[in-house]
Amino acid sequence: MTTTKVQTLQELKAEMLAVARGERIPPVDAGGVSYESAGAVLRLLTAENRELLAAIDQTHPESVAALAKQLHRAEPNVSRTLSKLEACGLVRLRQGKGKTKIPEVLARSIHVDIDVFSIHDKISMA
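A short tour of the structure in this document, coming up. (Residues numbered from 1 in each chain as written. Predicted model: local features only at pLDDT ≥ 70, side-chain atom pairs only at ≥ 80, totals over all residues. Heavy atoms only, no water.)

So, on to the overall build of the protein. When helices and strands are counted, the protein shows five helices and six strands. In sequence order, the protein lays out its α and β elements as β-α-β-α-α-α-α-β-β-β-β. Overall size of the protein, expressed as C-alpha extent along the three principal axes, is 50 × 35 × 25 Å. The burial tally for the protein puts 31% of its 126 residues in the buried class. Counted over contacts in the protein with a minimum sequence separation of 6, partners at least 24 positions apart contribute 51%. (Helix = DSSP H or I, 4+ residues; strand = E, 2+ residues; numbered from the N terminus. Buried < 20%, exposed > 50% of the residue type's maximum accessible area, 1.4 Å probe, protein only. Contact = heavy atoms within 4.5 Å.)

In this section: the nonpolar core. Grouped together as the largest cluster of nonpolar side chains are 22 residues, with contacts concentrated most on Leu52, Leu67, Val78, Leu82, Leu85, Leu90 and Val91. Those elements that place two or more of their residues in this core are helix H2 (38–44), helix H3 (47–59), helix H4 (64–71), helix H5 (75–87), strand S3 (91–95) and strand S6 (122–125). (Core = buried A, V, L, I, M, F, W, Y, C linked by side-chain atoms within 4.5 Å.)

The values are spatial; any link to function lies outside them.
Listed below in structure tokens is the structure:
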């Protein structure tokens, strides 16, 4: 299970500037996926996006174009959605033949721990 960092953009900027100034060492999770809030992740998990993830997991499409055709969706829209899902660590777009990208699901479940008294939620993916 991978734990993902949740921090505001201000916190991320302050962390990056402190590292750049040499005031602190880079955290072990630097450069990894991070979210501004648990809500940002949950907004990505629409019924349509979950259908897309399930189709990738079940059929292992040979390309984004094949996935779009299978789902009867426009390829640019599927590609854009996959890019967002890739940025949050749910999908990987592996290089295929030529310019082809092969989508792969990286996480089957997401666990969100929300502390209602804090903005520091915890998100883990498995």
